[in-house]
Amino acid sequence: MKRYSAFAIAREAMRQHTGWTKAWASPEPRTHYDVVIVGAGGHGLATAYYLGKNFGITNVAIIEKGWLGGGNTGRNTTIIRSNYLQDPSAAIYEKARSLYETMSQDLNYNVMFSPRGVMMLAQTEHEVRGYKRTEMANKLQGVETRFIGPAEVKRLVPIMNIEGPRYPVLGALWQARGGTARHDAVAWGYARACSDMGMHVIQNCEVIGVESVGGEVSAVATTKGTIGCKKLGIVVAGHSGHLAELAGFRLPVESVALQAMVSEPIKPCMDVVVMANTVHGYLSQSDKGEMVIGGGADHFNNYTQRGSWMHIEETVRSLVETFPMLSRLKMLRQWGGIVDMTGDRSPIISKTPLGNTFINCGWGTGGFKAIPGSGWAMAELMAKGESPLADAFSMYRFREGRFIDESVAAGVAH
Amino acid sequence: MLLLTCPCCGVTAEETEFSNGGEAHLKRFGPGSTDAEYEAYMFARKNPRGVHFERWRHAYGCGKWFLMARDTMTLEVYGTYKAQTTEPPADIVDKIKARRPEWEGYK
């Protein structure tokens, strides 16, 4: 792998940019690997990367039915934060956030992490109490957050109407170290690093069956033939239920569509991320100047990667009340992704009923922020059979009543 | 936007008039059942790619619960029927089989 650097750009500029090589190889699959990861999105690639980096396991294939990072990794609103209420959540999301800080250097790939600050608006008295509680919890967890009043909100985001009749801004939970990153670059950076370690990233290869011998996984059947493996990691977000069915067990997840959209690009007007959870609207301005808007999830099971019109209307209607200047913007694109929701709105990083098979899913509406932490924990679980970050997120917690209840605390869309 | 017909009052309306209530035809496991049965009843939904039987409520209409067959890959609604039904009625099953011959049937 050629290192990317200012010198490399200068060198290539001298020779008409003819020296760049492909960022990752596209090999044909071998017949057997030590580890097969299904799903080359952020979480799957991060799992493979940390298997190689932290545990030296590099005989790994990452297989993907579509193209790299074409699922939810390329469909989110790129928000990174770690202001969760419960200790296991704060631990893994804070690990992820801290890994994002050094990711560009670590991968030698610019993921454009921008710690511009994330503000979660409190627009009801209930939210004020909830976020003050989260602030206290975060202090104990060592996550830096602060509850700020309406005046400071207005100072940070001048375009906001804090005195709206229906959704007045009563304050906000402010995490100055949160922010955004470029989602495609995260997938590409990990893929490049994995490929450099000798791993195989195999695109356009769908898993159609899981084979086992004596209760342990032996191979996966794919559209490019059968691929043997000693260990299998399933990291496929919205389609986790389907893969689990192929592997012979059922998951406590349901798949629904979550939508987002971007406006036409405008001049810089907002340099933080604003999340308005009461009205299910998430807003930030991309480096291109587009206003990136995340909306609410549909309530019914859905695999179509497009959501209901009503949710766009609902999100935009309420955002316009809080940000009146948005009313004049034209929307450029709208899209949906299939998110896998668990009963307690916390993820699953777990062993499964099938031996040597592991699953990482259930990130619901907030998986992007967790990518490096999730990969770190999943890699440790797959390599060692246990992981301090992952253990609380076992899929058996539902049977045992050990919920990690973030459905209200995190204020995420659901 | 789904267009749904309430089998109770006969009104056809957009999905905003209805609310979704999750998977239908669940068999209840309560006291006396095993941990695995109770867990499955509480959390392990089928979540299929394809034909899905589900509960809906005509929330901003007659207020009644009813059941529905819908495709989660195409959002096609195969039909709605009364909530007092323990498994999908034959006419709905026939309609689904006509539209999707590869469907394995209700199980």
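Residues numbered from 1 in each chain as written. Chains lettered and ligands numbered in written order. Predicted model: local features only at pLDDT ≥ 70, side-chain atom pairs only at ≥ 80, totals over all residues.

### Focus: the nonpolar core
Phase 1: Core analysis: the largest hydrophobic core is formed by 121 residues, its most contacted members being Val36(A), Ile62(A) and Met119(A).
Phase 2: When residues of this core are assigned to domains, at least three fall in each of domain 1 (27–78 + 183–253 + 344–400) and domain 2 (115–178 + 254–341) of chain A.
Phase 3: Apart from the residues lying within four places of it in its own chain, the contact partners of Val36(A) are Ala61(A), Ile63(A), Val220(A), Ile227(A), Cys229(A) and Leu232(A).
Phase 4: Of all hydrophobic cores here, the second largest spans 14 residues; its members include Leu4(B), Phe18(B), Ala24(B) and Tyr78(B). (Core = buried A, V, L, I, M, F, W, Y, C linked by C-beta atoms within 7 Å. Buried ≥ 20, exposed ≤ 12 C-beta atoms within 10 Å, placed from the backbone. Domains from an automatic or database assignment. Contact = placed C-beta atoms within 7 Å.)

### Quick word on unusual backbone geometry
All names here are of chain A.
Phase 1: Despite not being glycine, His17 has its phi angle at roughly 55°, a positive value.
Phase 2: In this structure, His17 sits in the loop between helix H1 (6–14) and strand E1 (32–38).
Phase 3: Positive phi, normally seen in glycine, also occurs at Arg345, with a value near 60°.
Phase 4: Among the secondary structure elements, Arg345 is positioned in the loop between strand E16 (331–342) and strand E17 (348–351). (Helix = DSSP H or I, 4+ residues; strand = E, 2+ residues; numbered from the N terminus.)

### Some remarks on the sheet that holds strand E6 (residues 77–82) of chain B
Residues and elements named next belong to chain B.
Phase 1: Judged by pairing direction, the sheet is antiparallel, and its 4 strands sit side by side in the order E3-E4-E5-E6 without closing on themselves. Only two strands of the sheet have a single partner each, and these edge strands are strand E3 (19–23) and E6. For this sheet the average axis-to-axis angle between neighbouring strands, irrespective of direction, equals 30°.
Phase 2: Here 3 bridges tie E3 to strand E4 (residues 51–57), and the two strands are oriented antiparallel to one another. Bridge pairing in E4 places Ser19 opposite Arg57.
Phase 3: Running at roughly 175° to E6, helix H2 (residues 90–99) makes contact with E4, strand E5 (65–71) and E6 of the sheet. (Pairing = 2+ DSSP bridges. Axes fitted to C-alpha atoms, helices over the stretch in contact; angles between N-to-C directions.)

### Section: the interface of chain A and chain B
Phase 1: With 20 residues of chain A at the contact, the number on the chain B side is 16 residues.
Phase 2: The set of elements that each furnish at least two residues to the side of chain A that touches chain B consists of helix H7 (240–246), strand E12 (253–265), strand E15 (290–301), helix H8 (309–322) and helix H10 (397–400) of chain A.
Phase 3: Among the residues making up the side of chain A that touches chain B, the classes are represented as 8 nonpolar, 9 polar and 3 charged. (Nonpolar A, V, L, I, M, F, W, Y, C, P; charged D, E, K, R; others polar.)

### So, the packing of helix H3 (residues 87–107) of chain A against helix H9 (residues 371–384) of chain A
For any two helices packed against each other, one specifies the inter-axial angle together with the distance between the axes.
All names here are of chain A.
Phase 1: Contact geometry of H3 with H9 gives a least axis separation of 6 Å together with a crossing angle of 110°. Considered as vectors, H3 and H9 are oriented roughly perpendicular to each other. Taken as a pair, H3 and H9 cross one another with a handedness that is right-handed. Mapping the contact onto sequence places Ile92, Tyr93, Lys95, Ala96, Leu99, Tyr100 and Met103 in H3 and Ile371, Pro372, Gly373, Ser374, Trp376 and Ala377 in H9.
Phase 2: Tallied by class, residues from the contact of H3 with H9 come to 10 nonpolar, 2 polar and 1 charged. (Parallel < 35°, antiparallel > 145°, perpendicular 65-115°, else oblique. Left-handed = near helix turned anticlockwise from the far one by under 90°.)

### Digging into the environment of Ala96(A)
Residue and element names in this part refer to chain A.
Phase 1: Relative to the elements of secondary structure, Ala96 occurs in helix H3.
Phase 2: Between the C-alpha atom of Ala96 and that of Leu51, which follows or precedes it by 45 residues, the distance is 16 Å.
Phase 3: In this view, Ala96 contacts Ser82, Lys369, Ala370, Ile371, Pro372, Gly373 and Ser374; residues no more than four positions away in its chain are not counted.

### Re the pairing of E17(A)
Residue and element names in this part refer to chain A.
Phase 1: With 4 bridges connecting them, E17 and strand E18 (residues 357–361) associate as antiparallel partners. Paired with Ile349 across the bridge in E18 is Asn360.
Phase 2: Counting the residues that bridge the hairpin from E17 to E18 gives 5 residues, and of these Asn356 lies at a positive phi of roughly 55°.

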